[in-house]
Amino acid sequence: MTQVALVTGASRGIGLAVAEALAKEGFSLAVNGLNDDEELAAAVRHLSSFGVPVMPLPFDVAKQEYHSDVFAKIENELGPVTTLVNNAGVGVMQRGDMLDVTAESWDRCFVVNAKAVFFLSQAFARYVLARPRVVDAFYAVVTITSSNAVAVATARSEYCASKAAAAMVSKTLAVRLGPENIAVYDVQPGLIATEMTAPVIEQYRKRAADGLTLFPRVGSAVEIGRIVATLARGDLPYTTGQVIAADAGMLVPRF
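Quick caveat: nothing in here was measured; it's all calculated off a predicted structure.

(A) Inspection of the sheet that holds strand S6 (residues 183-189) at higher detail. Taken together, the seven strands give an open sheet; going across it, the order is S3-S2-S1-S4-S5-S6-S9, and neighbouring strands pair in parallel fashion. Across the chains shown, the open sheet's two edge strands, defined by having one partner strand only, are strand S3 (54-58) and strand S9 (242-246). Shown here is a sheet whose adjacent strand axes are inclined to one another by a mean of 15°, direction ignored. Sheet topology note: the strand S5 (residues 140-144)/S6 ladder contains five bridges and is parallel. Its bridge partner being in S6, Thr-143 is matched across the sheet by Asp-186.

Okay, structure coming up:
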């Protein structure tokens, strides 16, 4: 039995690390990127080196017209899809005072970080429920949100709000899909070294070393990948609707 996963935003960063972790577990992969470009092609070549079938799937997750037939396309090439990893996301257009946030930046965060998660997950659920299940396959939706779904970052208020919305989408989806035996998880990374955080990563390293996180270091995309692979394999049995705080204990209440 081969499981098949769609990983969105998998050309680089956390998405690519997730796809690599799944490839090492034998998953066939549909690798999504915004554009059909060299970055996506390089990701496909890299992932194919692990000996699993990999297909590029360039499309904009924010455009619902791509959602309705994306899973049928994957099935035609790789087999029935068992796993959706909602990883694609965007940051704010400009860090700063929330009193200066533009509607354009707000809409961009919400369309990609929340609306796309809702409707692509909806399309996946409809796809799975409309056909026979793969015997012994574990079906799951894993969404990568953020510690900022809970904790405020004053310079990125619209991002925080969009991730909080995505976290609630995960909860509601878990309630809806539980009776269908489809597991749903929300992974909330904390201070992770990626391309997106590169401009502020040294500040993150200092704050981690100074005690913001219980483990005094920033995390890596590889570590998030391992967490997602564990969930996608079903290695946390009898769980759904869980929030996995991948933040080195950053949000543990302390006196």
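(B) Representation of the state of the cysteines within the structure. This structure, assessed with the given rule, holds zero disulfides. Here Cys-109 is not cross-linked by a disulfide; its sulfur's nearest cysteine counterpart is in Cys-160, at 9.2 Å. A relative accessible area of 10% means that Cys-160 is categorised as buried.

(C) Up close: helix H4 (residues 103-129). Here H4 spans 37 Å end to end across 27 residues, near enough to the 39 Å set by a 1.5 Å rise per residue. At Val-111, H4 is bent by approximately 40°, the largest bend along its length.

(D) Up close: the packing of aromatic side chains. This structure, assessed with the given rule, holds five aromatic pairs. An angle of 45° between the planes, with centres 6.0 Å apart, marks the rings of Phe-59 and Tyr-66 as tilted. Looking at Tyr-66, the relative accessible area reads 37%, which means it is partly exposed. These aromatic residues form a ring-pair network of at least three members: Phe-71, Phe-124 and Tyr-127. Over the face of the ring belonging to Tyr-139 we find Arg-133, whose NZ or CZ atom lies 4.9 Å from the ring centre.

(E) Inspection of the pairing of strand S1 (residues 4-7) at higher detail. Both faces of S1 are covered, namely the face carrying Val-4 and Leu-6 and the face carrying Ala-5 and Val-7. As paired elements, S1 and strand S2 (residues 28-33) share four bridges and run parallel to each other. Its bridge partner lying in S2, Val-4 is registered against Ser-28. This β-α-β element, S1 to helix H1 (residues 13-24) to S2, shows right-handed connectivity. Summarising the sheet, S1 and strand S4 (residues 83-86) pair through three bridges and their orientation is parallel. Bridging from a neighbouring strand, Val-7 pairs with Val-85 of S4.

Thresholds, definitions, all that
The numbers attached to residues start from 1 for each chain and follow its sequence in the written order. Side-chain atom pairs in this predicted model are given and counted only at pLDDT of 80 or more, local residue features only at pLDDT of at least 70, and totals for whole chains, interfaces and linings cover all residues. Computation of side-chain values covers all heavy atoms of the structure but excludes hydrogens and water. The rule for pairing is simple: two strands pair if DSSP sees at least two bridges between them. Helix numbers and strand numbers start at the N terminus; a helix is a DSSP run of H or I with at least 4 residues, a strand a run of E with at least 2. Fitting a line to C-alpha atoms yields each axis, with helices limited to the stretch in contact; the angle taken between N-to-C directions then spans 0 to 180 degrees. Throughout, a disulfide means two cysteine sulfur atoms within 2.5 Å of one another. The buried label goes to any residue with under 20% of its type's maximum accessible area, the exposed label to any with over 50%, and the partly exposed label to all in between, with areas taken from a 1.4 Å probe on protein chains only. Expected span of a helix: the number of residues minus one, times 1.5 Å. Fitting axes to the seven residues ending at a residue and to the seven starting there, one defines the bend at that residue as the angle between these axes. Pairing of aromatic rings covers Phe, Tyr and Trp, the last counted by its six-membered ring, and requires centre-to-centre distances within 6.5 Å; plane angles under 30 degrees mean stacked, over 60 mean edge-to-face, and any other angle means tilted. The criterion is that NZ of a Lys, or CZ of an Arg, lies within 6 Å of the ring centre and within 35 degrees of the ring normal, and then a charge sits over that ring. Place the viewer so that the strands point away; then a crossover is right-handed whenever the path from the first strand over the helix to the second strand goes clockwise.

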